[in-house]
Amino acid sequence: MLLIFLGLVLWFYPHLMKSLTPGLRARMPDKAAKGLVAVTALLSIVLMVIGYRTAEAGYVYTPPEWGKPLNNLLMLIAVAMFGVGHSKSRLRAIIRHPMFLGTGLWAVSHLLVRGDGAAVLLFGGLLFWSIVGVIVAGRSPHQPAGYTPGGLRSEVILALITLVIYGLIVGVHFAFGLSPFS
C-alpha cells in the first residue's frame, strides 16, 4: 500500500505544479518541465501498478451487483473524455476539463467493482486528484486557447478511436485474467 501512496504523491504534484507553484514552474524551461512531468508520471504509474498488484488489503466494502454494467458504460465514457481533450470534437468546446472528468469517471467505475483497500486507496486517490485538479484549474487566471470544433468527421474519428482504445483496455484486462463482463 505504501507504493500506491508514493505513486499517488508522485502523480499529484507534477500534474498540478503549474497551478500550485507557478513561480517555480515559470522558472523552469518548458522542455524541462514537460520532461519532469513525463518522468514522474511514468514512475508514479509504475509504483501504483506494482503497489496495487502486490497489496494484501482486505475488503472495505462489497461492490454492488449492478456495478459491473455501470462500470463498463462509465469506462467507455471515460475513454471518450480522454480523447475529447485531444480531438476536434464539439464536446471539447462544452467540457472544460475532459481529462480530469475522464480520470474521475475511470476511478468511480473501478470503485463500483473493487471494494478492497488497495482499490479504495488507488482509485479514491485518483478521484480526489481529479476533483482537486478541476478546482485548481478552474481558479487559474489562464483561459484556454480559442478552439474551433471540427465537423461530423471529427465526431466519427473520436467515436472510432474511443471504441478501439476501449477494446484494447478490455483485451488487457482479459490478458491479466480479469473479465470486465462477468
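Our structure's up above, just so we're on the same page.
What counts, and where the lines are drawn
- Residues numbered from 1 in each chain as written.
- Predicted model: local features only at pLDDT ≥ 70, side-chain atom pairs only at ≥ 80, totals over all residues.
- Heavy atoms only, no water.
- Helix = DSSP H or I, 4+ residues; strand = E, 2+ residues; numbered from the N terminus.
- Buried < 20%, exposed > 50% of the residue type's maximum accessible area, 1.4 Å probe, protein only.
- Contact = heavy atoms within 4.5 Å.
- Lys, Arg positive; Asp, Glu negative; His and termini not counted.
- Charge placed at Lys NZ, Arg CZ, Asp CG, Glu CD.
- Axes fitted to C-alpha atoms, helices over the stretch in contact; angles between N-to-C directions.
- Parallel < 35°, antiparallel > 145°, perpendicular 65-115°, else oblique.
- Left-handed = near helix turned anticlockwise from the far one by under 90°.
- Nonpolar A, V, L, I, M, F, W, Y, C, P; charged D, E, K, R; others polar.
- Patch = residues over 30% accessible without salt bridge, like charges linked within 9 Å, V, L, I, M, F, W, Y side chains within 5 Å.
- Areas by Shrake-Rupley, 256 points an atom, 1.4 Å probe, with all protein chains shown as cover.
- Salt bridge = Lys/Arg side-chain N within 4 Å of Asp/Glu carboxyl O.
- Core = buried A, V, L, I, M, F, W, Y, C linked by side-chain atoms within 4.5 Å.
- Phe/Tyr/Trp six-rings, centres within 6.5 Å; stacked < 30°, edge-to-face > 60°.

Enquirer: Pulling in residues and values, what's your account of the overall build of the chain?
Expert: Looking only at helices and strands, the chain features 8 helices and 0 strands. Counting helices and strands in the order they occur from the N terminus, the chain gives α-α-α-α-α-α-α-α. Based on the C-alpha atoms only, the size of the chain along its principal axes is roughly 45 × 40 × 25 Å. Looking at the chain as a whole, 35% of its 182 residues are labelled buried. A separation threshold of at least 6 residues defines the contact pool for the chain, and within that pool the share at least 24 residues apart is 76%. Of the side-chain charges in the chain, 14 are positive and 5 negative, and the distance between the mean point of each set is 16 Å.

Enquirer: Which residues make up the packing of helix α4 (residues 67-84) against helix α6 (residues 98-111), and what values go with them?
Expert: Running from N to C, α4 and α6 cross one another at 160°; their axes reach a closest spacing of 8 Å. One element, α4, and the other, α6, form an angle in the roughly antiparallel class. The interaxial crossing formed by α4 with α6 has left-handed handedness. Contacts from Asn71, Leu74, Met75, Ile77, Ala78, Met81, Phe82 and Val84 in α4 reach Pro98, Met99, Leu101, Gly102, Thr103, Leu105, Trp106, Val108, Ser109 and His110 in α6. The residue inventory of the contact of α4 with α6, partitioned by class, reads 13 nonpolar, 5 polar and no charged.

Enquirer: I'd love a proper account of a nonpolar patch on the surface, names of residues and values included.
Expert: Taken together, the side chains of Leu2, Leu3, Phe5, Leu6, Val9, Leu42, Val46 and Ile50 make up a nonpolar region of the molecular surface, amounting to roughly 710 Å² of accessible area. Looking at the nonpolar patch, the elements with two or more residues in it are α1 (2-20) and α3 (30-54). For the nonpolar patch, the element with the highest residue contribution is α1, accounting for 5 residues. Its place among the elements puts Leu42 in helix α3. Judged by its relative accessible area of 56%, Leu42 is exposed.

Enquirer: Run through the nonpolar core, naming residues and quoting values.
Expert: Ranked by internal contacts, the top residues of the largest apolar core, which has 18 residues, are Tyr52, Leu122 and Phe123. Breaking this core down by element, the ones donating at least two residues are α1, α3, α6 and α7 (117-139). Considering each element in turn, this core owes the most residues, 7 residues, to α7. Excluding residues that lie within four positions of it along the chain, Phe123 makes contacts with Tyr52, Trp106, Ala107, His110 and Leu111. In this structure, Leu74, Met81, Leu105 and Leu112 belong to the second largest nonpolar core, which totals 8 residues.

Enquirer: Give a detailed account of the packing of aromatic side chains, specifying residues and quantitative values.
Expert: Here the structure, examined in full by the defined rule, presents 5 aromatic pairs. Plain terms: the ring middles of Trp11 and Trp129 are 5.5 Å apart, the flat faces sit at 70° to each other, and that makes the pair edge-to-face. On the criterion of sequence distance, the pair formed by Trp11 in helix α1 and Trp129 in helix α7 is long-range, its members being 118 residues apart. Seen in terms of ring centroids, Tyr52 and Phe123 are 5.9 Å apart; in terms of plane orientation they differ by 70°. Their pairing is edge-to-face.

Enquirer: Report on the pattern of salt bridges, specifying residues and quantitative values.
Expert: Under the counting rule described, the total for this entry stands at 3 salt bridges. Notably, a salt bridge pairs Asp116 with Arg114, separated by 3.2 Å at the nearest N-O pair. Among the residues examined, Arg114 registers a relative accessible area of 29% and is labelled partly exposed.

Enquirer: Account for the environment of His86, naming residues and giving values.
Expert: Tracing the chain through its elements places His86 in the loop between α4 and α5 (91-94). Given the relative accessible area of 65%, His86 is considered exposed. Sequence spacing of His86 and Val136 is 50 residues, and the spatial spacing of their C-alpha atoms is 21 Å.

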